Amino acid sequence: MKESTFVMTTKQSIREAFAEASSFLAAHEVMEPQRNAQLLLEHVLGLSGADYYMAMPDPFPDERKKAWEEAISRKAAGEPAQYIIGEQEFYGIPFQVTPAVLIPRPETELLVEAVLQQAARLWPQGAAPAEPAASAAGQEPPQGQDAGRAAAMPGGHAGAADGLHPLVAADIGTGSGAIAVTLALHAPRWRVYASDISADALRVAARNAEVSGAQVAFEEGNLLEPFAGRRVDILVSNPPYIPAADIPGLQPEVRNHEPRTALDGGADGLAPYRIMMQQLPLLQGPPRLIGFELGIGQAGEVADLLRQAGHWDEIIIIPDLAGIERHVLGVRQIP
């Protein structure tokens, strides 16, 4: 195994430092070595866009040499650049990421977009007809540290005076909070909740919500369990979907650094979907809109799970930008 400690040549320009690091990463079989070197260089120098390119002929700053060597050494050892930087952009929003959470992927943006589009089709007014007073909110307010945040969420907990109630969306297995935060920012009238089995992940997600100004309440627990007895209009999830036997064959930076609990979907990768279908009776009623992200070759089986549940009259399969069937949505047209 090659030595992964990077020591840069002294007295060189920023462009030369970039070229040297790119070659070092390539020699260590890092995928996209130039792209990774640029991401890390922008981070170390605190530059981006035109400022970054204009600085290329300048001497490399001595005070950033140690940070640069450490960043490239960590990348050469296989650590994802996003964890080194501590951030990943999703839907135009910067999200803090740590090894406690899966790094948000671009294809998940398509799931958020599809959920927003289908919700606008189902609820043109951005809200749903209010229920009888005894169950107007359809749920109990969160307790403890989440109570203050939830109380300030759009729509409160008493139902709307105009005969409509705010839509309730739940992001299951939220990780960094990318889906929940993005939904909350783009649909501010909704009440958005997010759950995860990992307390560490929830702390990261809560920070992301706070920094972005998103109104999201967080719940710790396994899949749908935190929402027992509650109304959920929109359920969305990007759960673990990698078959357990496939995990050793993943790229090392994924296999060795991203949380296994966010990757391992059981023997065939479909365990979380089956469990959520089994847990649906925990909710006050099935959601009118449900959206899942899934792995390669899983769309047909996940669509069948939704059909067998019998709650949705329209099943939609959405490909990602590479043409892979990546998302399955269930839509119930009639309330």
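Higher on the page you've got the structure.
Attention here is on the structure that accompanies the text.

## With respect to the sheet that holds strand β5 (residues 168-172)
Right, so step 1: Taken together, the seven strands give an open sheet; going across it, the order is β7-β6-β5-β8-β9-β11-β10, and neighbouring strands pair in mixed fashion. Whereas interior strands pair on both sides, the edge strands pair on one side only; in this sheet they are β7 (216-220) and β10 (314-319). Pairwise comparison of adjacent strand axes, ignoring direction, gives a mean angle of 15° for this sheet.
Right, so step 2: By the bridge criterion, five bridges tie strand β6 (residues 191-196) to β7 in an arrangement that is parallel. Paired with D196 across the two strands is E220, which belongs to β7.
Right, so step 3: Running at roughly 175° to β7, helix α9 (residues 199-212) makes contact with β6 and β7 of the sheet.
Right, so step 4: Across the sheet, helix α11 (residues 271-279) touches β5, β8 (234-237) and β9 (289-293), and the angle it forms with β9 is around 165°.

## Here's the deal with the packing of helix α2 (residues 33-45) against helix α4 (residues 65-76)
Right, so step 1: Direction vectors running N to C along α2 and α4 enclose 150°, while the axes themselves pass 10 Å from each other. As judged from the angle between their axes, α2 and α4 are roughly antiparallel. The handedness of the crossing between α2 and α4 is right-handed. Here α2 contributes N36, A37, L40, L41 and V44 to the contact with α4, which in turn contributes A67, W68, A71, I72 and K75.
Right, so step 2: Classifying every residue of the contact of α2 with α4 gives eight nonpolar, one polar and one charged.

Here is what the cut-offs are and how they apply
- Counting from 1, residues in each chain are numbered in the order their sequence is written.
- Restriction of local features to residues with pLDDT of at least 70 applies here, the model being predicted, together with a cutoff of 80 or more for giving and counting side-chain atom pairs; totals for whole chains, interfaces and linings are based on all residues.
- In computing side-chain properties, one takes all heavy atoms of the structure into account and sets aside hydrogens as well as water.
- Criterion used throughout: strands pair if DSSP finds at least two bridges between them.
- Note on conventions: DSSP H or I runs of at least 4 residues are helices, E runs of at least 2 residues are strands, and numbering of each starts at the N terminus.
- Note on geometry: axes are lines fitted to C-alpha atoms, helical ones only across the stretch in contact, with angles between N-to-C directions running from 0 to 180 degrees.
- Throughout, a contact is declared for two residues whenever any of their heavy atoms are within 4.5 Å.
- The labels follow the angle: roughly parallel below 35 degrees, roughly antiparallel above 145, roughly perpendicular from 65 to 115, and oblique for the rest.
- A crossing counts as left-handed when the near helix is turned anticlockwise from the far one by less than a right angle, and as right-handed when that turn is clockwise.
- Residue polarity follows a fixed list, in which Ala, Val, Leu, Ile, Met, Phe, Trp, Tyr, Cys and Pro are nonpolar, Asp, Glu, Lys and Arg are charged, and the others, Gly among them, are polar.

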